[in-house]
Protein chains: 2
Amino acid sequence: MASSRKVLELFYDVVSPYSWLGFEVLCRYRHVWNIDLKLRPAFLGGVMQSSGNKPPGLVPNKFLYMTKDLERLAQYFKVPLSSPSNPFEAMFEKGSLTAMRFVTAVAEKETGGDAQVEKVSRELWMRIWSKDQDITQPASLIEAGLKAGLSASEIDELLKLAQSQPIKDKLKANTQKAMGYGAFGFPLIVCHVDGKPEAFFGSDRFELLAHCIGEKWVGPQPNKPSAKM
Amino acid sequence: MASSRKVLELFYDVVSPYSWLGFEVLCRYRHVWNIDLKLRPAFLGGVMQSSGNKPPGLVPNKFLYMTKDLERLAQYFKVPLSSPSNPFEAMFEKGSLTAMRFVTAVAEKETGGDAQVEKVSRELWMRIWSKDQDITQPASLIEAGLKAGLSASEIDELLKLAQSQPIKDKLKANTQKAMGYGAFGFPLIVCHVDGKPEAFFGSDRFELLAHCIGEKWVGPQPNKPSAKM
């Protein structure tokens, strides 16, 4: 069966709330669908600049809608997402470059899976998109790392590694790879079906994505015994 | 049971392909869910201008993605949607003001339901978003009207009515109503739940919408015996 497993790449940035929803759903489905999920930490700021896209929140009605939409989706997806008190500051002024370099360093050091990348990413999302906390300062990354189960010395090493040129280049490379698949925002989920990449933007194409890879969508909580549509 | 029926308003414009998908899905579900579907022809150009939103197609990667996304959705939703050869000309240069005034006139004249509004809207979508045909000229509206089952004399009357001030005002009023619900694009689906309006933008929130109104989403073809998720 291993050979028929479909590779799914998830390009994401912890600054993006819709990425969090997509991340949690795919982390749940990775043990339900016959897929090989690859987490691809990347930099949303780079994608927005390269594609010439503008953040949706700049249109007032879109911003209001997104706030409501995220609230409803968070509840339905059972993800403890809650908008920061100043989303513009959190997303655009402070940004996620340092955080995503840190996640990239975690990915680089980890062998035999991506359990640490998953946990660290989740802890960073918990900070910015649940608890309205900073993700730019070393102390913030240390706290996230500790909560994710890393030791203080591991985190210390990762913080140094995160500032190295190879890690900066790796994050750029992942971002460029997403651009190569036509990204203009995150999450971008790339399914490799019969050697052909099929890219899905956002966290609202899971039913279509499932259809495309020959799997079944049973809602955002596939592991619950009551999960049904 | 009639009193527990939920009113769903669908604000749409035939220039919008995602509106067509939403329209067909809701027309299918109107006999499956306990809802009272209200078709609200409106003017997308007005919404884009009032909200300050920019068409997604202006970002090259977004345009490429939309083309692919629509192709996949059309197939999955079983709607014969196909992009016009020059989408920019069709959508932005020619536009839909005349067509939507015509649909508004049909709605104004129709009594006891909205079967004609449904049919005329579908024929206009078939022209612009399936057969790459014009929807701005009187001859185009006449052809769509005839295919929708209207008589030549009815159409003649509707074409005159479509140019009257009351119809222009009615289309403006529908568009303003959508703005009042926070529109920044179409389709906008407004569910009235316990006297509170819940607005859903786009054709990718049906699962959430169903959850919100206490109904069940079983995919885009609820009437098919094989419909399952």
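Thresholds, definitions, all that
Residues numbered from 1 in each chain as written. Chains lettered and ligands numbered in written order. Predicted model: local features only at pLDDT ≥ 70, side-chain atom pairs only at ≥ 80, totals over all residues. Heavy atoms only, no water. UniProt positions renumbered as here; feature names shortened; annotations may be inferred. Helix = DSSP H or I, 4+ residues; strand = E, 2+ residues; numbered from the N terminus. Contact = heavy atoms within 4.5 Å. Buried < 20%, exposed > 50% of the residue type's maximum accessible area, 1.4 Å probe, protein only. Arc of directions from axis to C-beta. 1 Å grid on protein atoms, 1.4 Å probe; cavity = no way out; pocket = protein on both sides within 12 Å on 5 of 7 lines; lining within 4 Å. Points joined across faces, edges and corners; volume = space filled by probe spheres on them. Nonpolar A, V, L, I, M, F, W, Y, C, P; charged D, E, K, R; others polar. Polar contact = N/O pair within 3.5 Å; in protein donor to acceptor, adjacent residues only side chain to side chain. Least-squares fit on C-alpha atoms with pLDDT ≥ 70 in both. Patch = residues over 30% accessible without salt bridge, like charges linked within 9 Å, V, L, I, M, F, W, Y side chains within 5 Å. Areas by Shrake-Rupley, 256 points an atom, 1.4 Å probe, with all protein chains shown as cover. Salt bridge = Lys/Arg side-chain N within 4 Å of Asp/Glu carboxyl O. Phe/Tyr/Trp six-rings, centres within 6.5 Å; stacked < 30°, edge-to-face > 60°. Lys NZ or Arg CZ within 6 Å of the ring centre and 35° of its normal. Pairing = 2+ DSSP bridges. Axes fitted to C-alpha atoms, helices over the stretch in contact; angles between N-to-C directions.

Trainee: What am I meant to see in the UniProt feature "active site" (unreviewed entry) in chain A here?
Mentor: Residues and elements named next belong to chain A. The UniProt record annotates "active site" (unreviewed entry) at S16. Secondary-structure assignment places S16 in the loop between β1 (6-12) and α1 (17-29). Those residues in contact with S16 that lie beyond four places of it in its chain are L44, W125, W129, F186 and P187.

Trainee: Sorry, what's going on with the side chain of S96 of chain B here?
Mentor: Residues and elements named next belong to chain B. Structurally, S96 is set in the loop between α4 (87-94) and α5 (97-109). Given a relative accessible area of 3%, S96 falls into the buried group. Among all residues touching S96, those that are not within four sequence positions of it are D13, V15, F43 and I135.

Trainee: How should I be thinking about helix α7 (residues 138-147) of chain A in this particular structure?
Mentor: The periodicity of an α-helix, 3.6 residues per turn, causes residues three or four positions apart to be oriented the same way. Residues and elements named next belong to chain A. S140, L141, A144 and G145 are the residues of α7 that are buried. Projected onto a plane normal to the axis of α7, the buried residues spread over an arc of 130° and lie on a single side. Structurally, α7 contributes buried residues whose contacts are with α5 (97-109), α6 (115-129) and α8 (152-162). Where α7 ends, the next residue or the one after it, G149, has phi of about 100°, a positive value.

Trainee: Quick question: what am I supposed to make of empty space enclosed by the protein here?
Mentor: Summary: where empty space remains is shown by rolling a probe the size of a single water molecule over the atoms. This model, assessed by the stated rule, comprises four cavities of 30 Å³ or more. If you trace the largest cavity, you find 20 residues lining it, with D204 and E207 of chain A together with D204, R205 and E207 of chain B closest to the centre. Elements with a minimum of two residues in the lining of the largest cavity: α3 (60-77) and α10 (206-212) of chain A together with α3 (60-77) and α10 (206-212) of chain B. Of the residues contributing to the lining of the largest cavity, the split by class is 12 nonpolar, two polar and six charged.

Trainee: What am I meant to see in the side chain of N53 of chain A here?
Mentor: Inspection of the secondary structure assignment puts N53 of chain A in the loop between α2 (44-51) and α3. Take N53 of chain A: its relative accessible area is 10%, and that puts it in the buried class. Looking at N53 of chain A, its side chain comes within polar contact range of the main-chain oxygen of F184 of chain A, at 2.6 Å. For N53 of chain A, the residues in contact, after removing those within four places along its chain, are M48 and F184 of chain A together with V59 and K62 of chain B.

Trainee: Help me out: how do you make sense of the relation of the copies chain A and chain B in this one?
Mentor: The relation between the two copies of this chain is a rotation about an axis and a shift parallel to it. Superposition of chain A onto chain B requires a rotation of 180° combined with a translation of 0.0 Å along the rotation axis, giving an RMSD of 0.0 Å. With respect to symmetry, the two chain copies, as superposed, fit the operation of a two-fold axis. In terms of proximity to the rotation axis, the leading residue of chain A is D204 of chain A, whose C-alpha is 3.0 Å off the axis.

Trainee: It is not clear to me how a nonpolar patch on the surface should be interpreted in this structure. Could you clarify?
Mentor: Together, L58, F88 and F92 of chain A line one region of the surface with nonpolar side chains, adding up to about 280 Å² of accessible area. Within the secondary structure layout, L58 of chain A lies in the loop between α2 and α3.

Trainee: How should the packing of aromatic side chains be read in this particular structure?
Mentor: Given two aromatic rings, their pairing is described by the distance between the two centres and the angle made by the two planes. For the structure on display, the rule yields 28 aromatic pairs over all chains. Residues F201 of chain A and Y65 of chain B carry aromatic rings whose centres are separated by 6.2 Å and whose planes lie at 85° to one another, so their mutual orientation is edge-to-face. With F201 of chain A in strand β4 (residues 196-201) and Y65 of chain B in helix α3, this residue pair bridges two chains. A cation over a ring is seen here: R72 of chain A above F200 of chain B, with NZ or CZ 3.8 Å from the ring centre.

Trainee: Got a minute to help me understand the sheet that holds strand β3 (residues 188-193) of chain B in this structure?
Mentor: The strands making up a sheet associate through backbone hydrogen bonding, with each pair oriented either parallel or antiparallel. Residue and element names in this part refer to chain B. Strand order in the open sheet made by the four strands is β2-β1-β3-β4, with mixed pairing throughout. Lying at the two open borders of the sheet, with one neighbouring strand each, are β2 (35-41) and β4 (196-201). In this sheet, neighbouring strand axes are inclined to one another by 20° on average, regardless of whether the strands run parallel or antiparallel. Relative to β2, strand β1 (residues 6-12) runs parallel, the two sharing seven bridges. The residue of β2 that forms the bridge with K6 is I35.

Trainee: I'm lost on the pairing of β3 of chain B in this one. Help?
Mentor: Within a regular strand, side chains alternate between the sheet's two faces. Residues and elements named next belong to chain B. The element β3 is largely enclosed, with a buried count of five among its six residues. Of the pairings in the sheet, the one linking β1 to β3 comprises five bridges and is antiparallel in character. The residue of β3 that forms the bridge with V7 is H192. As paired elements, β3 and β4 share six bridges and run antiparallel to each other.

Trainee: Sorry, what's going on with the environment of I35 of chain B here?
Mentor: Residue and element names in this part refer to chain B. Summarising the element assignment, I35 is placed in strand β2. Given a relative accessible area of 2%, I35 falls into the buried group. Distance in space between the C-alpha atoms of I35 and R5 is 5.0 Å, their sequence separation being 30 residues. Ignoring anything within four residues of it in the chain, the contact list for I35 reads R5, K6, L8, Y29, R30 and I213.

Trainee: What exactly am I supposed to notice about unusual backbone geometry here?
Mentor: Trans is the prevailing form of peptide bonds, just as negative phi is the prevailing case for residues other than glycine. Following F186 of chain A, the chain continues to P187 of chain A via a peptide bond in cis, the omega torsion being 0°. Non-glycine residue D194 of chain A carries a positive phi angle of around 50°. With respect to the secondary-structure elements, D194 of chain A resides in the loop between β3 (188-193) and β4. On the accessibility criterion, D194 of chain A (76% relative accessible area) is exposed. For D132 of chain B, which is not glycine, the phi dihedral falls at a positive 55°. Following the sequence through the fold, D132 of chain B ends up in the loop between α6 (115-129) and α7 (138-147).

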